[in-house]
Amino acid sequence: MNTTCIAVSNMRPCCRMLLSCKNSSIFGYSFRKCDHRIGTNLSKKQFKVYGLRGYVSCRGGKGLGYRCGIDPNRKGFFGSGSDWGQPRVLTGGCRRVDSCGRSVVVNVASDYRNHSTSVEGHVNDKSFERIYVRGGLNVKPLVIERVEKEEKLREEEGRVGVNGLNVNIGDSKGLNGSKVLSPKREVSEVEKEAWELLRGAVVDYCGNPVGTVAASDPADSTPLNYDQVFIRDFVPSALAFLLNGEGEIVKNFLLHTLQLQSWEKTVDCHSPGQGLMPASFKVKNVAIDGKIGESEDILDPDFGESAIGRVAPVDSGLWWIILLRAYTKLTGDYGLQARVDVQTGIRLILNLCLTDGFDMFPTLLVTDGSCMIDRRMGIHGHPLEIQALFYSALRCSREMLIVNDSTKNLVAAVNNRLSALSFHIREYYWVDMKKINEIYRYKTEEYSTDAINKFNIYPDQIPSWLVDWIPESGGYLIGNLQPAHMDFRFFTLGNLWSIVSSLGTPKQNESILNLIEDKWDDLVAHMPLKICYPALEYEEWRVITGSDPKNTPWSYHNGGSWPTLLWQFTLACMKMKKPELARKAVALAEKKLSEDHWPEYYDTRRGRFIGKQSRLYQTWTIAGFLTSKLLLENPEMASKLFWEEDYELLESCVCAIGKPGRKKCSRYAAKSQVV
C-alpha cells in the first residue's frame, strides 16, 4: 500500500470529494490505476471536501468518484485537525464506482452519534457509541478485513443458494437475474401476479436493489409519499425475498438505511435523539451541476419532518433491528450483524430507547401517530404495538450484540428492561373475563405500596360493548395503559407480535388466538384483519381523532381491515401450532385481493368495500400475502422468525428485594404463571 487517502476537514455547508490514487487503498479496498484528481490546492496531509446538500448520492464516471450529501439539517460526520497521529473518527457509507462502472459500498467504522468536528474532546470518551481507529490512517480497520473475507466466502456459498438449492420458480427469475428457490407445489396465477407486482415495485440505487415503494398504482397521479421506501412497509417484502432465497436486496436495504441513521435531523431548530431511523427514503435521479447530460442517484430520507403531524417514526428503528435478525437467521450471514457499523447502529437505537427519563414504567412513552397508526387515534402514551415491537427488538439485540467491556453495561440494561417489560405487560395489560370482573370491583384512591388498583382505574371505564364481547375462553392485551386510563380496544398488530415474541405467557398467547377464532366475524369477516376493534364513533370519534375525515368509523386506522397483517397472523398461528387458522385467512384473502387490485385497506364493519382512500397495488398487501404463503410452506424457516419463552428472564429482576420496608418481588408470581 503506497498511498492512503481520506477526507478529514472541518465541515463546510457544501462539499465534494473525488479521490483517485495509483496503487492506493482506502478503508481496505484497493483501486485500479487512474489519474490523480483533487479539486483544489491542498496540502499532502489535508484536503477539503465538496458536494451537494441533503442526501447521499453515487455517481459513475471515469476513475473513482465519491459523492457525499451534506445539509445544514443532516450533516455527515468527519474528523478534523491536522494531527494524523491522533485517534480519528471515521465515517462510512460512501460508494465507489470503478472504471468499469461497477459500484460497491465502502464499509468503514463509523461514529454516528458525534456531531462535533473536534476529535480531541472525545479522545478519552469510553461510551459505547464512539468508534475510533488508533494510529491514524496507517492502520487498516480490522473490521474491513474480516468483512472482505466473509463476503468472498458468501459469494462462493451463494452459488448454491439457500439450503443448497438453486432453482427457479417456473420461468421466473429473482432480482438482477438471480435464481430463486423452487416451491413445493404448483404456484397459482394469483401468486404469479403477486410476484410480478412485487418485483415491479423494487427500487434501484446505483444499479442495485434497495427496497420497494409503498404503492405502484399506475393510475395514481398524486402518489404523495407512496412512491417512497418505508422501513415499516418493506419488512414483509424483505421476508418474501428472504424466504424465496433472495437476500441481496435486504442486505442493501439494511446497510443504506443504517447509513441514513447517522445524519443530523432538525425540525424547527430542534434535533431528536441520535439513533433515530428514517420513516422512509426516496431514490431520486438528479442532474450534476456543471455536467451537461450527466445525472446521479441520490437518497432523500424523511425522519418525520415531512410527515403529516411531524411525528418521529418510533417503530422504524425497532423494525430495522427485527429485520436484521430475520436476515441473519434466514441467510446464515452472521458476518453482517458483527460489522462495526451495524453493531454501532444497534447500540444507538437501544441507547435512544433505554435513555432514563421521568417515566415510572418500563414501557416506551410515545406520541400519537408514531407507528403503523400514524394519525391521531388516541394511542399516545404506552401503546401496545410499540411495546411489543420494543420487546422484540430487545430480544433481537440480546442475540446479536457482541458482549465485551464496552457493551456489558448495555447488555445488562437490555436484560433488565426485558424482565421488567414482560412482567408489566403480562400483569397490567392482560384482560379476560376474570380480569374484567376484578376491575369491575376495584376500589379507587388507594394510597399504598400494596394497592391492588395501582393505576387508579375507575370501574366505569369498562365499555358496555366489552362486557358482551369478551369470550369465556379467550382474552387479549389492551391497547394502552396510563394512570386512570385503560384503552380496552383490541389492537391486532400489538397482540400478534406479543404472541410472536412471547411477550405474553404461553397461556395468554393461546387465549389471544382463541379470541380471534371466536370473534372471527368481527376481526376477519370478509377480509383479514381489523387493525383495531371496535371503531371510534359519534362524539368519541370527533373528540379523539379531531374529526379526521380519513379515519371515519370502520375505515383506515379506525377499524379498517388491513391485508398486510395477514403475514403476522400467519406467523403467530404457526408458532401456536394452528396453521389451519392461517390457511383459512389466506384463502379468504386470495379470493379478493387480485380481483380488487391489491388494495391498501378495506372499509365497513365486515371489510366488504375497498377503502375510500385506499391506494391500489399496495406493496405490503402484495408482500404480506406472498410471505404468508411462503411461511405456511416452510414451517422450519418460519420457526426462525419467532421466539419461545425465555425462562432466564423469569429468573432475573432489578427490584431491590433486600431493602427493608419492601415486600417480596412479584416476579415469582409471574414465573409461576408460566411454569
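About the cut-offs
Residues numbered from 1 in each chain as written. Predicted model: local features only at pLDDT ≥ 70, side-chain atom pairs only at ≥ 80, totals over all residues. Heavy atoms only, no water. UniProt positions renumbered as here; feature names shortened; annotations may be inferred. Phe/Tyr/Trp six-rings, centres within 6.5 Å; stacked < 30°, edge-to-face > 60°. Helix = DSSP H or I, 4+ residues; strand = E, 2+ residues; numbered from the N terminus. Buried < 20%, exposed > 50% of the residue type's maximum accessible area, 1.4 Å probe, protein only. Lys NZ or Arg CZ within 6 Å of the ring centre and 35° of its normal. Axes fitted to C-alpha atoms, helices over the stretch in contact; angles between N-to-C directions. Parallel < 35°, antiparallel > 145°, perpendicular 65-115°, else oblique. Left-handed = near helix turned anticlockwise from the far one by under 90°. Contact = heavy atoms within 4.5 Å. Nonpolar A, V, L, I, M, F, W, Y, C, P; charged D, E, K, R; others polar. pLDDT = per-residue confidence, 0-100. Core = buried A, V, L, I, M, F, W, Y, C linked by side-chain atoms within 4.5 Å. Salt bridge = Lys/Arg side-chain N within 4 Å of Asp/Glu carboxyl O. Pairing = 2+ DSSP bridges.

Where an unreviewed UniProt entry is consulted, the chain appears under the name Alkaline/neutral invertase, with the organism given as Daucus carota subsp. sativus. Per UniProt, the comment on the chain under Sequence similarities (unreviewed entry) is "Belongs to the glycosyl hydrolase 100 family."

**Student:** Describe the packing of aromatic side chains, listing the residues and the values that go with them.
**Tutor:** Following the criterion strictly, the structure yields 21 aromatic pairs and no others. On the basis of an interplanar angle of 80 degrees and a centroid distance of 5.5 Å, the ring pair of Trp319 and Trp497 is categorised as edge-to-face. You can see Trp319 sitting in helix 5 (residues 314-331) and its partner Trp497 sitting in helix 12 (residues 492-500), a full 178 residues away along the chain. When sorted by exposure, Trp319 lands in the same class as Trp497, which is buried. For the pair Trp465 and Trp469, a centre-to-centre distance of 5.6 Å together with 70 degrees between the ring planes defines the contact as edge-to-face. In this pair, Trp465 and Trp469 are both assigned in helix 11 (residues 464-469), four residues apart and thus about one turn of the helix distant. Exposure remark for Trp465: the relative accessible area of 26% places this residue in the partly exposed category. Judged by its relative accessible area of 6%, Trp469 falls in the buried class. Linked through ring pairs, Trp465, Trp469, Tyr476, Phe490, Tyr533 and Trp554 together constitute an aromatic cluster. Positioned over the ring face of Trp520 is Lys584, at 4.4 Å from the centre of the ring. Seen from the ring of Tyr226, Arg615 lies directly overhead, with NZ or CZ sitting 4.4 Å from the centre.

**Student:** Give me the packing of helix 2 (residues 189-200) against helix 18 (residues 619-633): which residues, what numbers.
**Tutor:** Two numbers describe how helix 2 lies on helix 18: the axes approach to 9 Å, and their chain directions differ by 125 degrees. Taken together, the axes of helix 2 and helix 18 lie oblique to each other. Crossing geometry of helix 2 relative to helix 18 is assigned as left-handed. Between helix 2 and helix 18, the residues in contact are Val190, Glu191, Ala194, Trp195, Leu197 and Leu198 and Thr619, Ile622, Ala623, Phe625, Leu626, Lys629, Leu630 and Glu633, respectively. Looking at side-chain class alone, the contact of helix 2 with helix 18 contains 10 nonpolar, one polar and three charged residues.

**Student:** Which residues make up the confidence of the model for the chain, and what are the values?
**Tutor:** The share of residues in the chain with pLDDT of 70 or more is 69%, and the mean pLDDT across the chain is 78. This model gives residues 60-149 a pLDDT under 50, and the stretch forms 240 contacts once residues within four places in sequence are excluded. Of the regions scoring below 50 in pLDDT, residues 153-171 engages in 29 contacts with residues more than four places distant in sequence or in other chains.

**Student:** Residues and numbers for the nonpolar core, please.
**Tutor:** Membership of the largest hydrophobic core comes to 159 residues, with the highest contact counts inside it found for Leu254, Trp320, Ile346, Tyr476, Phe488, Trp497 and Phe569. The residues contacting Leu254, other than those within four sequence positions of it, are Trp320, Leu323, Leu324, Tyr327 and Leu336.

**Student:** Describe the packing of helix 12 against helix 13 (residues 506-518), with residues and values.
**Tutor:** Relative to each other, helix 12 and helix 13 sit at 140 degrees, their axes nearing to 9 Å. The angle between the axes of helix 12 and helix 13 places the two elements in the oblique class. Here the hand of the crossing between helix 12 and helix 13 comes out left-handed. Facing Asn495, Leu496, Ser498 and Ile499 of helix 12, the residues of helix 13 in contact are Asn509, Ile512, Leu513 and Ile516. Looking at the contact of helix 12 with helix 13 residue by residue, the class counts come to five nonpolar, three polar and no charged.

**Student:** Before we move on, can you summarise unusual backbone geometry with the specific residues and values?
**Tutor:** The linkage connecting Pro528 with the following residue, Leu529, adopts the cis geometry, with an omega of -10 degrees. When you line up the elements, Leu529 lands in the loop between helix 14 (520-523) and strand 16 (532-533). With phi around 55 degrees, Tyr538 is a residue other than glycine that occupies positive phi space. Its location among the elements puts Tyr538 in helix 15 (residues 538-545). One non-glycine residue with positive phi stands out, namely His597, at about 65 degrees. For His597, the location among the structural elements is in the loop between helix 17 (579-592) and strand 17 (602-603).

**Student:** Mind laying out the environment of Val250, listing which residues take part and the relevant values?
**Tutor:** By the secondary structure assignment, Val250 is in helix 4 (residues 248-261). For Val250, a relative accessible area of 0% translates into the label buried. What Val250 contacts, discounting residues up to four positions off in sequence, is Phe234, Ala238, Leu242, Leu323 and Tyr327.

**Student:** How would you explain the pattern of salt bridges if you had to name every residue and give the values?
**Tutor:** Where charged atoms from two side chains of opposite charge approach closely, those side chains can pair. In total, this model carries 20 salt bridges according to the counting rule given. Note that Asp300 is salt-bridged to Lys284, the shortest N-O span being 3.0 Å. With a gap of 16 residues between them, Asp300 in strand 10 (residues 295-302) and Lys284 in strand 9 (residues 280-287) connect regions that are remote in the sequence. A relative accessible area of 22% places Asp300 in the partly exposed class. For the salt bridge of Arg398 with Glu648, the shortest nitrogen-to-oxygen distance reads 3.3 Å. With Arg398 in helix 8 (residues 384-400) and Glu648 in helix 20 (residues 647-651), this pair connects stretches of sequence that are 250 residues apart. Given the relative accessible area of 56%, Glu648 is considered exposed. A single salt-bridge network, built from bridges that share partners, covers Arg395, Arg398, Asp646 and Glu648.

**Student:** So what's going on with the side chain of Gln228? Which residues, and what values?
**Tutor:** Structurally, the position occupied by Gln228 is in the loop between strand 7 (208-212) and strand 8 (229-230). A relative accessible area of 15% places Gln228 in the buried class. Excluding residues that lie within four positions of it along the chain, Gln228 makes contacts with Thr212, Val213, Ala214, Ser280, Phe281, Lys282 and Asp302.

**Student:** Can you break down the pairing of strand 6 (residues 202-205) residue by residue, with the values?
**Tutor:** Note: strand 6 against strand 7, four bridges, orientation antiparallel. Pairing of Asp204 across the sheet is with Pro209, part of strand 7. Hairpin geometry of strand 6 and strand 7 is characterised by an intervening segment of two residues between the two adjacent antiparallel strands and by a positive phi of about 55 degrees at Cys206.

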